[in-house]
Amino acid sequence: MVKITSRKPLGKTAALSVDSCVFCRIIAGQLPSSPVLDSDLIVAFLDIHPWNPGHTLVLPRRHIESFTDLSPMEVEQLALRGQQIATALKQGFDGCEAVTFSLADGVAAGQDVPHTHLHVVPRRTGDGLGWRAAGQLQDRETLDAIASQLRTALGVSSTG
Ligand SMILES: [Zn+2]
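Note that the structure is a prediction, hence the values are computed from the model and not measured.

Caption draft 1: How the structure looks around helix 4 (residues 140-154). Over its 15 residues, helix 4 extends 21 Å from the first C-alpha to the last, a length consistent with the 21 Å expected when each residue adds 1.5 Å. Among the 15 residues in helix 4, 0 count as buried, and that is only a small part of the element. Just beyond helix 4, the residue with positive phi is Gly155, at close to 75 degrees.

So, in structure tokens, the structure goes:
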């Protein structure tokens, strides 16, 4: 959490943040939704702008903007619920051959609602969805250097 020195702006900002959050308003029953799943930590409902029929959003009940601020239990439950929904989509949805999981963490990544959420999207061959950017082949020396940087940031020892 950010250190706050002035109480008044905090109250106003925090209240605005939650009160104006469309997902918090759905969870509070102030806005309509088509619910899929409801548990202690996690809720799921259909996306109002589905990429394919059955496109479901899975999110923490708490108003948390970033995935990296979730508790370990929330991360676990988010993944488990996402997996359960994907299984149901594959078993029960006509034409669902596969599932795309998508989670944009931050505005630069395309996060549109500041309440972290996992998209679970049923897919079929030729549906036209998917990543548009193609990565470029990278040399091993550069890959190793970047992997080393990441291991240091993670606090894990070199794999040799
Ligand atoms: Zn929220």
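Back to the text.
Caption draft 2: Examining the sheet that holds strand 5 (residues 118-123) more closely. Strand order across the open sheet formed by 5 strands is 1-2-3-5-4, with antiparallel pairing between neighbours. Two strands bound the open sheet, and with one partner strand each, they are strand 1 (35-38) and strand 4 (98-102). When the angles between neighbouring strand axes are averaged without regard to direction, this sheet yields 20 degrees. Sitting on the sheet, helix 3 (residues 72-92) is in contact with strand 1, strand 2 (42-46), strand 3 (56-60), strand 4 and strand 5, with an inclination near 165 degrees to strand 3.

Caption draft 3: Up close: the nonpolar core. Counting 17 residues, the largest nonpolar core has Val43, Ala44, Val58, Ile85 and Val120 as its most contacted members. Secondary-structure elements contributing two or more residues to this core are helix 2 (22-27), strand 2, strand 3, helix 3 and strand 5.

Caption draft 4: Examining the environment of Ser33 more closely. Checked against the element boundaries, Ser33 lands in the loop between helix 2 and strand 1. Distance in space between the C-alpha atoms of Ser33 and Ile48 is 8.1 Å, their sequence separation being 15 residues. In this structure, Ser33 is in contact with Ile26 and Phe45, ignoring residues within four places of it in sequence.

Caption draft 5: Examining the pairing of strand 3 more closely. In terms of burial, strand 3 is a largely internal element, 5 of the 5 residues being buried. Every second residue of strand 3 is oriented toward a common face, with Thr56, Val58 and Pro60 on one face and Leu57 and Leu59 on the other, all of them buried. The pairing of strand 3 with strand 5 spans 3 bridges and is classified as antiparallel. Looking across to strand 5, one finds that Val58 is bridged to Leu118.

Caption draft 6: Representation of helix 3 in the model. The end-to-end C-alpha distance of helix 3 is 30 Å, a good match for the 30 Å that 21 residues give at a rise of 1.5 Å each. Taken together, the buried positions of helix 3 are Leu78, Arg81, Gly82, Ile85, Ala86 and Leu89. Down the axis of helix 3, the sector holding all buried residues measures 140 degrees, keeping them to one side. Exposed positions of helix 3 whose direction lies more than 90 degrees from the buried face are Pro72, Met73, Thr87 and Gln91.

What counts and what doesn't
Residues numbered from 1 in each chain as written. Predicted model: local features only at pLDDT ≥ 70, side-chain atom pairs only at ≥ 80, totals over all residues. Helix = DSSP H or I, 4+ residues; strand = E, 2+ residues; numbered from the N terminus. Expected span 1.5 Å × (residues − 1). Buried ≥ 20, exposed ≤ 12 C-beta atoms within 10 Å, placed from the backbone. Pairing = 2+ DSSP bridges. Axes fitted to C-alpha atoms, helices over the stretch in contact; angles between N-to-C directions. Contact = placed C-beta atoms within 7 Å. Core = buried A, V, L, I, M, F, W, Y, C linked by C-beta atoms within 7 Å. Arc of directions from axis to C-beta.

Spatial relationships are all this shows, so hold off on functional conclusions.
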